[in-house]
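Observations on the three-dimensional arrangement
Residue-level listing of the chains:
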Amino acid sequence: MLTLENLVLTQDEFRLTADWKVQAGERVALIGPSGAGKSTLLMALAGFFAPAAGSILWQGADLAEVAPGDRPLTILFQDQNLFPHLTLAQNLGLGLSPTLRLTQAQTTQIETALLRVGLAGMQARKPGQLSGGQQGRAALARALLRARPVLLLDEPFAALGPALKAEMLELLDEVATATGAAVLMVTHDPNDAKHFADKTVLVADGVAQAPVATAELFADPPPALHDYLG
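An account of the accompanying structure is given in this report. (Residues numbered from 1 in each chain as written. Predicted model: local features only at pLDDT ≥ 70, side-chain atom pairs only at ≥ 80, totals over all residues. Heavy atoms only, no water.)

Digging into the environment of leucine 41
Checked against the element boundaries, leucine 41 lands in helix H1 (residues 38–46). Setting aside its immediate chain neighbours within four residues, leucine 41 contacts Leu4, Leu7, Leu9, Leu16, Trp20, Leu30 and Ala208. (Helix = DSSP H or I, 4+ residues; strand = E, 2+ residues; numbered from the N terminus. Contact = heavy atoms within 4.5 Å.)

Digging into unusual backbone geometry
At aspartate 12, a residue that is not glycine, the phi angle is positive and equals roughly 55°. In this fold, aspartate 12 is placed in the loop between strand S1 (2–11) and strand S2 (14–22). Although it is not a glycine, aspartate 205 adopts a positive phi angle of roughly 55°. Turning to its location among the elements, aspartate 205 is positioned in the loop between strand S9 (199–204) and strand S10 (207–208). We classify aspartate 205 as exposed; its relative accessible area is 73%. (Buried < 20%, exposed > 50% of the residue type's maximum accessible area, 1.4 Å probe, protein only.)

Quick notes on the environment of arginine 27
With respect to the helices and strands, arginine 27 occurs in strand S3 (residues 27–31). For arginine 27, a relative accessible area of 10% puts it in the buried group. The residues touching arginine 27, leaving out its near neighbours within four places in the chain, are Asp173, Ala176, Thr177, Val183, Phe196, Ala197, Asp198 and Lys199.

This is the structure:
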């Protein structure tokens, strides 16, 4: 269980509070106006932004002193976190070993992950040789390899067209199911939340509100969400 306990994030005039929990395996969307703090919240969970107050707990243990790379999570950004000078196999290998000194078993794991996401035989390609959809698949393959219990996504498919985005959300569902990960996904598209997330967090007016059932939230949106949706 991931717990945000009386969490307060501040920077200059910015302030965001959150006090809620996410259970193992839940799919949660975060939606709200630009600048409301959705990405900042993910950065705090990942360990890249220090809270001003409160705690981030995993299974009851405080993560405050845990380095980003040692936290029980994987985070995907819009650029898919792929290093352009490394091959696809090397990019995925970083999810298993920061030194890239891989065993034969780990090399086989990479090949299996690429097969699972439809990129079989592309180990030697570099990110610049891949389409946007293929880069997204590669990032999900690395998440599959890491198999961390929490997966954070900051609009990783925002630049994709509707059909390809729907395909990637389906693949994300498969990866989350395979790893059993809880997923928190920032999106500006209400359809992403409706199609993927069981629950949705509205981030607006300085508060990341507790997750509520996605269908219920959009059926009767509170004023902040109504204003955002237009």
